[in-house]
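# Commentary on secondary and tertiary structure
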Amino acid sequence: MPEARALMVYGGWNGHQPKECVDIFAPLLQEAGLEVILSDTMDSYLDADLMGSLSLVVPCWTMGTIEGEQERGLLQAVEGGVGLGGWHGGMCDAFRNHCNYQMMTGGQFVGHPDGVKDYTVDIAAPDDPVVRGMDDFRMHSEQYYMHVDPGNEVLATTTFDARSAPWVSGTVMPVVWKRIWGEGRVFFSSLGHVAADFEVPEAREIQRRGLLWAARMEEEA
């Protein structure tokens, strides 16, 4: 059987430290047995042979524009069974004018009231392997307000208490979810505004487990 492979595509707005974040998870995927391919161009999505050889794509590209053929290459690969997994704006604030991409990922960033702040992440599905054994935990980062697909399988949430937008206070917002796109598994966590956010052990471990789940390489409980 060919070695499992992951393609990590990074770029876009540098404020989210795309390369620094990718550099955190590339070694963790390698430790799990994946060959990791790093790319700083979305033209990688045009390479049908490459895309067909993958177990996982990790997009880390905030804002910007994806060309039609690039988007089709990515969507078709995931629909055909390649996993997709990512975090924060690198996956779900990527291409604001591309509804098909947003439908695949299951959500789109629309705001972060109060900016960087302290908030709690609540484990919503404690029996799921991605979050099993974890308690609720605290973050000091952007608390993402998102438009989300009601079909997502939500694993963790956060509740808003927003001084700058008090009308959203009390809203329970998904933070971590899984979903299916065709034959592919899709994983997302809104944690990870900057690389330092992954110094929170739970944030890093949820992302690691979620990427392996999307790649169909999840560890046995």
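Below or above, wherever it landed, is the structure these notes cover.

What counts and what doesn't
- Position numbers for residues count from 1 along each chain, tracking the sequence in the order it is written.
- Residues qualify for local features only when their pLDDT is at least 70, as the model is predicted, and side-chain atom pairs are given and counted only at 80 or more; totals for whole chains, interfaces and linings, by contrast, use all residues.
- Where side-chain values are given, they derive from all heavy atoms of the structure, hydrogens and water being excluded.
- Going along the chain from the N terminus, every DSSP run of H or I of four or more residues is numbered as a helix, and every run of E of two or more is numbered as a strand.
- Only protein chains enter the accessibility calculation, which uses a 1.4 Å probe; a residue whose area is less than 20% of its type maximum is buried, one above 50% is exposed, and one in between is partly exposed.
- By definition here, a salt bridge exists when the distance from a side-chain nitrogen of Lys or Arg to a carboxyl oxygen of Asp or Glu is within 4 Å.
- Working definition: a ring pair exists when centres of Phe, Tyr or Trp rings (six-membered ring for Trp) sit within 6.5 Å. Plane angles under 30 degrees give stacked, over 60 give edge-to-face, the rest tilted.
- One less than the number of residues in a helix, times 1.5 Å, gives the span that helix is expected to have.
- It only takes one pair of heavy atoms within 4.5 Å for two residues to be counted as in contact.
- As used in this record, nonpolar core signifies buried Ala, Val, Leu, Ile, Met, Phe, Trp, Tyr and Cys residues forming a set joined through side-chain atoms within 4.5 Å.
- For two strands to be treated as a pair, DSSP must find at least two bridges joining them.
- With axes taken as lines fitted to C-alpha atoms, and helix axes fitted only over the stretch in contact, angles between N-to-C directions fall between 0 and 180 degrees.

Positive phi, close to 50°, is recorded for Gln17, a residue that is not glycine. Examined against the element boundaries, Gln17 turns out to sit in the loop between β1 (5–12) and α1 (18–31). One non-glycine residue, Arg216, lies in the positive phi region at around 60°. On the secondary structure map, Arg216 appears in the segment after α6 (201–214). Note on Arg216: relative accessible area 44%, which makes it partly exposed.

Evaluated as defined, the whole model comprises ten salt bridges. Here Glu35 and Arg5 are joined by a salt bridge, their closest N and O atoms 3.2 Å apart. Residue Glu35 is located in strand β2 (residues 35–39), and its partner Arg5 is located in strand β1; the two are separated by 30 residues in the primary sequence. Of the residues examined, Glu35 reaches a relative accessible area of 30% and is grouped as partly exposed. Note on Arg5: relative accessible area 22%, which makes it partly exposed. Arg209 serves as the salt-bridge partner of Glu205, at 2.9 Å between the closest nitrogen and oxygen. Of the two residues, Glu205 and Arg209 both sit in helix α6, four residues apart, roughly one turn of that helix. Judged by its relative accessible area of 23%, Glu205 is partly exposed.

Enumeration over the complete set of coordinates arrives at seven aromatic pairs. Ring centres 5.7 Å apart and planes at 80° place the aromatic pair Trp87 and Phe198 in the edge-to-face group. Taken together, the residues span a long stretch of sequence, with Trp87 in strand β4 (residues 83–87) and Phe198 in the loop between β11 (184–189) and α6 at a distance of 111 residues. Exposure remark for Phe198: the relative accessible area of 2% places this residue in the buried category.

On to α6. In this model, α6 (14 residues) spans 20 Å end to end at C-alpha, consistent with the 20 Å of a helix rising 1.5 Å per residue. Taken residue by residue, α6 has Ala203, Ile206, Gln207, Arg208, Gly210, Leu211, Leu212, Trp213 and Ala214 as its buried positions. Turning to α6, the residues buried within the fold contact α1, β3 (56–62), β4, β7 (137–142), β10 (172–181) and β11.

Ranked by internal contacts, the top residues of the largest apolar core, which has 39 residues, are Met8, Leu29, Leu56, Trp87, Val121, Leu191 and Ile206. Listing elements by their share of this core, those giving two or more residues are β1, α1, β3, β6 (116–123), β7, β9 (153–159), β10 and α6. With near-sequence residues (within four places) excluded, Leu29 lies in contact with Ala6, Met8, Leu34, Val36, Leu56, Val58, Leu211 and Leu212. Among the nonpolar cores identified, the runner-up in size contains 35 residues, and Met51, Trp61, Cys92 and Val186 belong to it.

A word on the sheet that holds β4. If you walk across this open sheet you meet the nine strands as β2-β1-β3-β4-β11-β10-β9-β6-β7, and the pairing is mixed. The open sheet is flanked by β2 and β7, the only strands paired with a single partner. Across this sheet, the average inter-strand angle for adjacent strands is 25°, counted without regard to direction. The sheet contact formed by β6 and β7 spans six bridges and is antiparallel. Bridge pairing in β7 links Lys117 to Ser141. Strands in contact with α1 are β1, β2, β3 and β4; relative to β1, the strand with the most contacts, it is inclined by about 170°.

This part takes up the pairing of β10. Among the ten residues in β10, eight count as buried, and that is most of the element. The pairing of β9 with β10 spans six bridges and is antiparallel. For Glu153, the partnering residue across the bridge sits in β10 and is Lys178. Bridging between β10 and β11 involves six bridges; their strand directions are antiparallel.

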